Amino acid sequence: MTPPPACVFCAIVAGEAPRSLVHEDEASIAFMDIAPITPGHVLVVPKVHAVGLADLPAEVGGHLFAIAQLIAAGLRSSGAVRVDGVNLFLADGAAAGQEVFHAHLHVLPRYAGDGLEITRARRPPPSRAELDTVATGIAAALGRLEGSPVTPPGRSAARAPR
Ligand SMILES: [Zn+2]
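Given the structure is predicted, the values throughout are model-derived calculations rather than measurements.

Participant: Would you mind showing me how to read the environment of tyrosine 111 here?
Facilitator: Mapped onto the elements of the fold, tyrosine 111 is located in the loop between strand 5 (105–110) and helix 3 (128–144). Dropping the residues within four chain positions of it, tyrosine 111 is found in contact with Arg82 and Asp84.

Now the structure itself:
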C-alpha cells in the first residue's frame, strides 16, 4: 500500500522524524509514544504502511506481537519504569480509538493506580442462543475469507492445500 505523504509513522520508520528507538529489525520498529498513556508506553509499528488489520499481512501481525512480547519482557526487567503488569492494545479503526492510521501495537506498562481504566457499559449477559448465533455468523465469515485456514463448523472436509 502506498503511504499517504503525511504518515507520521512512515516518517519515523524512514528516520525523517524524531524518535526514541527501542528496537528495529527488517519488518518492524519500536519507539516511545510521545504522549504516553502510562510511563514507558512503547509503540510497535510495521515498516510496511498498513492502515489497519485488514491491510496488515498476517506474518507481519504475528511479528509485531512477538516483538511486543519481547518489549514487555524488556520493560519488566529494565528497571526504567514501574511495570507490575502489561497491556497490549491495538486500535483498528477510528471507532476503536485509532488515531494514527498506520497500524501499531501499544505496549503499556501497568501498575495499580496508574490512572488507566478500561471500562465497559454494563449490559445483561447474552443467552447461549445469542452467543451461538453470533459465533455461527463469525465462523461462516471466516470460512469465506481469502486464504482462510478455517473450516466452518458443520463442514467436515478440510480444504485441499494449494
Ligand atoms: Zn505509514
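Participant: What is the right way to look at the nonpolar core in this model?
Facilitator: Across soluble globular proteins, you tend to see nonpolar side chains buried next to one another. Core analysis: the largest hydrophobic core is formed by 19 residues, its most contacted members being Ala30, Val42, Val44, Ala68, Ile71 and Val107. Looking at this core, the element that brings in the most residues is helix 2 (residues 58–78), giving 5 residues. If we skip the residues at most four places from it in the chain, isoleucine 71 touches Val22, His23, Ala30, Val42, Val44 and Val107.

Participant: Help me out: how do you make sense of the pairing of strand 3 (residues 42–46) in this one?
Facilitator: Strand 3 sits mainly inside the fold: 5 of its 5 residues count as buried. Going residue by residue along strand 3, you find Val42, Val44 and Pro46 tucked away on one face and Leu43 and Val45 tucked away on the opposite face as well. Here strand 2 (residues 28–32) runs beside strand 3; their pairing, made up of 5 bridges, is antiparallel. Among the inter-strand pairings, methionine 32 is bridged to a residue of strand 3, identified as valine 42.

Participant: I tried to follow the sheet that holds strand 2 on my own but got confused; where do I start?
Facilitator: Spatially, the 5 strands line up as an open sheet ordered 1-2-3-5-4, and their pairing is antiparallel. Of all strands in the sheet, those with a lone pairing partner are strand 1 (21–24) and strand 4 (85–89), marking the two edges. Strand-to-strand twist across the sheet, computed as the mean angle between neighbouring axes with direction ignored, equals 15°. Sheet topology note: the strand 3/strand 5 ladder contains 3 bridges and is antiparallel. Looking at strand 5, one finds that valine 42 is bridged to valine 107. Helix-sheet contacts for helix 2 involve strand 1, strand 2, strand 3, strand 4 and strand 5, and the interaxial angle to strand 5 is about 20°.

Participant: How should I be thinking about the confidence of the model for the protein chain in this particular structure?
Facilitator: Predicted coordinates in regions of low pLDDT should not be interpreted in detail. For the protein chain, per-residue confidence averages 91 on the pLDDT scale, and residues scoring 70 or more make up 89% of the total. In this model, residues 156–160 is a region of pLDDT below 50 whose contacts with residues beyond four sequence positions or in other chains number 2 contacts.

Participant: Help me out: how do you make sense of helix 3 in this one?
Facilitator: An α-helical turn contains 3.6 residues, so any two residues separated by three or four positions project in the same direction. Across its 17 residues, helix 3 extends 24 Å between first and last C-alpha, which sits within 8% of the 24 Å expected from 1.5 Å per residue. The buried fraction of helix 3 amounts to 0 of the 17 residues, a small share that puts the element mostly on the outside.

Participant: I keep staring at the pairing of strand 2 and nothing clicks. Help me out?
Facilitator: Regular strands show a simple pattern: their side chains alternate between the two faces of the sheet. Of all 5 residues in strand 2, 4 are buried, a share of seventy percent or more. Looking at chain direction, strand 1 and strand 2 are connected through 3 bridges and run antiparallel. Following the sheet pairing, leucine 21 is matched in strand 2 by phenylalanine 31.

Definitions and cut-offs
- Residue positions are given per chain, counting from 1 as you read along its sequence in written order.
- The predicted origin of the model limits local features to residues at a pLDDT of at least 70 and limits the giving and counting of side-chain atom pairs to 80 or more, whereas totals for whole chains, interfaces and linings rest on all residues.
- Numbering of helices and strands runs from the N terminus; a helix is a DSSP stretch of H or I covering at least four residues, while a strand is a stretch of E covering at least two.
- Here, residue contact means that the backbone-derived C-beta atoms of the two residues sit within 7 Å.
- By our criterion, buried Ala, Val, Leu, Ile, Met, Phe, Trp, Tyr and Cys residues that link up through C-beta atoms within 7 Å make up a nonpolar core.
- Residue burial here comes from a neighbour count, namely the number of other C-beta atoms, placed from the backbone, that lie within 10 Å of the residue's own C-beta, with 20 or more meaning buried, 12 or fewer meaning exposed, and in between meaning partly exposed.
- Pairing between strands is defined by DSSP: at least two bridges between the two strands are required.
- What counts as an axis is a line fitted to C-alpha atoms, over the stretch in contact for a helix, and the angles between N-to-C directions run from 0 to 180 degrees.
- A residue's pLDDT is simply how confident the predictor is in it, with values from 0 to 100.
- By this rule, a helix spans an expected 1.5 Å times one less than how many residues it contains.

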